[in-house]
Amino acid sequence: VKPPFVGRGRLGYSLRMGPNDDITLGAFGELIEIFGRDQLVARVGPLANLQISDHLDLTASFAFVVASRDALGLSSSDVGQFGVRYRWASGEPVPVSLIP
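Bear in mind the structure is a predicted one, so any value in this text is a computation, not a measurement. (Residues numbered from 1 in each chain as written. Predicted model: local features only at pLDDT ≥ 70, side-chain atom pairs only at ≥ 80, totals over all residues. Heavy atoms only, no water.)

S.K.: Sorry if this is basic, but what is going on with the overall build of the chain here?
M.R.: Scanning the chain from terminus to terminus reveals 0 helices and 5 strands. Secondary structure of the chain in N-to-C order comes out as β-β-β-β-β. Each of the 100 residues in the chain was classed as buried or not, and the buried ones make up 20%. Looking at the chain alone, contacts between residues at least 24 apart form 44% of all its contacts between residues at least 6 apart. Put simply, the chain shows about 7,000 Å² of open surface, and 64% of that area lies on carbon and sulfur atoms. (Helix = DSSP H or I, 4+ residues; strand = E, 2+ residues; numbered from the N terminus. Buried < 20%, exposed > 50% of the residue type's maximum accessible area, 1.4 Å probe, protein only. Contact = heavy atoms within 4.5 Å. Areas by Shrake-Rupley, 256 points an atom, 1.4 Å probe, with all protein chains shown as cover.)

S.K.: What am I meant to see in a nonpolar patch on the surface here?
M.R.: On the surface, Tyr13, Leu15, Met17, Ile23 and Leu25 cluster together into a nonpolar patch covering about 470 Å² of accessible area. No other element matches strand 1 (residues 6-17), which puts 3 residues into the nonpolar patch. Looking at where methionine 17 falls in the secondary structure, it is placed in strand 1. (Patch = residues over 30% accessible without salt bridge, like charges linked within 9 Å, V, L, I, M, F, W, Y side chains within 5 Å. Salt bridge = Lys/Arg side-chain N within 4 Å of Asp/Glu carboxyl O.)

S.K.: Honestly, the sheet that holds strand 3 (residues 39-51) in this entry has me stumped. Any pointers?
M.R.: Adjacent strands of a sheet pair through backbone hydrogen bonds, lying either parallel or antiparallel. On the basis of which strands lie adjacent, the open sheet formed by 5 strands has the order 1-2-3-4-5 and antiparallel pairing. Looking at which strands have only one partner, the edges of the open sheet turn out to be strand 1 and strand 5 (79-86). Direction aside, the axes of adjacent strands within the sheet are offset by 20 degrees on average. Direction of pairing for strand 2 (residues 23-34) relative to strand 3: antiparallel, over a ladder of 12 bridges. What sits directly across from glycine 29, in strand 3, is valine 44. (Pairing = 2+ DSSP bridges. Axes fitted to C-alpha atoms, helices over the stretch in contact; angles between N-to-C directions.)

S.K.: Just checking my understanding: could you explain unusual backbone geometry for this structure?
M.R.: Note: most residues except glycine have negative phi, and most peptide bonds are trans. Backbone geometry at aspartate 21 places phi at a positive 55 degrees, although glycine is not the residue there. Position of aspartate 21 relative to the elements: it lies in the loop between strand 1 and strand 2. Look at aspartate 21 and you get partly exposed, because its relative accessible area is 39%.

S.K.: Could you clarify how one ought to interpret the packing of aromatic side chains in this entry?
M.R.: Aromatic ring pairs are reported here in terms of the distance separating the ring centres and the angle at which the planes meet. Considering all chains together, one arrives at 1 aromatic pair under this definition. Seen in terms of ring centroids, phenylalanine 62 and phenylalanine 82 are 5.5 Å apart; in terms of plane orientation they differ by 80 degrees. Their pairing is edge-to-face. In this pair, phenylalanine 62 sits in strand 4 (residues 56-67) while phenylalanine 82 sits in strand 5, placing the two residues 20 residues apart along the sequence. Residue classification places phenylalanine 82 among the exposed residues on the basis of a relative accessible area of 66%. (Phe/Tyr/Trp six-rings, centres within 6.5 Å; stacked < 30°, edge-to-face > 60°.)

S.K.: I keep staring at the environment of threonine 59 and nothing clicks. Help me out?
M.R.: By the element assignment, threonine 59 lies in strand 4. Residues threonine 59 and alanine 48 lie 11 residues apart in sequence; the distance between their C-alpha atoms is 5.8 Å. Non-local contacts of threonine 59, meaning those with residues more than four positions away in its chain, are made with Ala48, Asn49, Gln81, Phe82 and Gly83. Polar side-chain contacts of threonine 59 include one of 3.3 Å to the backbone oxygen of alanine 48. (Polar contact = N/O pair within 3.5 Å; in protein donor to acceptor, adjacent residues only side chain to side chain.)

So this is what it looks like as structure tokens:
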């Protein structure tokens with residue numbers, strides 16, 4: 001994006017579930033402001049997280065545009081994120097699997 005810049009704020013809520021609270025499901029909403037263009041974009045969507053061990057997580061989220069000055073439509077409005085997160089500062093010297 002060319003200057004001026006873009007600002008983004010995201011707020012969400014999730015619940016832990018599963019036998020070891022290793023699954024997290026939730027939803028979020030975000031607002032994106034494109035400065036200099038007087039455009040505000042609102043997106044909402046689901047999110048999920050699977051904790052494989054004390055150190056390793058898989059995560060996914062999808063966002064769908066619900067309000068925009070541009071006519072994006074469903075085909076160009078979805079944004080997805082898949083991720084793998086490894087935490088080495090968890091205090092455990094050897095990872096312990098949470099999934100049997």
